Amino acid sequence: MADNQFNSKDFILGTFIGAAVGALTALLMTPKTGKEFRDDINTGANQVKKKAYDWKEVAQEKGTNWKDKAYTTGSDLKKKAMESTSQVTKTAAEKTKDVTQGVQSKLKEKRKKEDEALEKAEDVAEAMEEAAEELEKKN
């Protein structure tokens, strides 16, 4: 069943082979002398050689352009990544500094309140001692 189906790959291959055989037959059947025939073949070969050289140059030029573009793009991306990293590091350092200062400020306030509470407790203790001494003097 697969043999009966139309295969485009086989058709295209057959077309190219048929064209090549037709061109070869036309060259061989034309009434030219051997020298003219050889000249035609040399001319065709030189044209093919020139086309191949032109394609090679175009490919090299495009390859060089792509390489340069890739290098430039890579350099730009590296620069942007470094700038972003630097900015993130700077921002993190500033935030850390702010948080540290805030914590230190809170600790100072807490210590100050503790010291004030301790002083008041000492004042109360002294007042109690004085009151106790006065009570003993009166008794």
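Residues numbered from 1 in each chain as written. Predicted model: local features only at pLDDT ≥ 70, side-chain atom pairs only at ≥ 80, totals over all residues. Heavy atoms only, no water.

As for the overall build of the protein
Here is step 1 of the chain: A tally of helices and strands in the protein yields two helices and zero strands.
Here is step 2 of the chain: Along the first, second and third principal axes, the C-alpha atoms of the protein reach 155 × 45 × 10 Å.
Here is step 3 of the chain: As displayed, the protein offers around 13,300 Å² of accessible surface, 59% of which is attributable to carbon and sulfur atoms.
Here is step 4 of the chain: Computed over 26 positive and 26 negative side-chain charges, the inter-centroid distance for the protein is 15 Å. (Helix = DSSP H or I, 4+ residues; strand = E, 2+ residues; numbered from the N terminus. Areas by Shrake-Rupley, 256 points an atom, 1.4 Å probe, with all protein chains shown as cover. Lys, Arg positive; Asp, Glu negative; His and termini not counted. Charge placed at Lys NZ, Arg CZ, Asp CG, Glu CD.)

Re the UniProt feature "transmembrane region" (unreviewed entry) in the protein
Here is step 1 of the chain: The UniProt entry lists residues 12-29 under the feature "transmembrane region" (unreviewed entry), expressed in the numbering used here.
Here is step 2 of the chain: Structurally, residues 12-29 is divided into 100% helix and 0% strand, and its ends, taken at the C-alpha atoms, are 25 Å apart. (UniProt positions renumbered as here; feature names shortened; annotations may be inferred.)

Quick word on the pattern of salt bridges
Here is step 1 of the chain: Inspection of the entire model under this criterion finds two salt bridges.
Here is step 2 of the chain: Across the pair Asp-39 and Lys-35 runs a salt bridge whose closest N-O atoms are separated by 3.8 Å. In this pair, Asp-39 and Lys-35 both sit in helix H2 (residues 34-138), four residues apart, roughly one turn of the helix.
Here is step 3 of the chain: A salt bridge links Lys-50 to Asp-54; the nearest nitrogen and oxygen atoms lie 3.5 Å apart. With Lys-50 and Asp-54 both in helix H2 and four residues apart, this pair spans about one turn of that helix. (Salt bridge = Lys/Arg side-chain N within 4 Å of Asp/Glu carboxyl O.)

Here's the deal with the environment of Tyr-53
Here is step 1 of the chain: Within the element layout of this structure, Tyr-53 appears in helix H2.
Here is step 2 of the chain: Classification of Tyr-53 by relative accessible area gives partly exposed; the value is 45%.
Here is step 3 of the chain: The spatial distance from the C-alpha of Tyr-53 to the C-alpha of Arg-111 is 86 Å, given a sequence separation of 58 residues. (Buried < 20%, exposed > 50% of the residue type's maximum accessible area, 1.4 Å probe, protein only.)

Considering a nonpolar patch on the surface
Here is step 1 of the chain: Nonpolar side chains collect at one region of the surface, where Leu-24, Leu-27, Leu-28 and Met-29 lie side by side and expose about 430 Å² of accessible area between them.
Here is step 2 of the chain: Of note, Leu-27 is situated in helix H1 (residues 8-29).
Here is step 3 of the chain: The exposure class of Leu-27 is partly exposed, given its relative accessible area of 36%. (Patch = residues over 30% accessible without salt bridge, like charges linked within 9 Å, V, L, I, M, F, W, Y side chains within 5 Å.)

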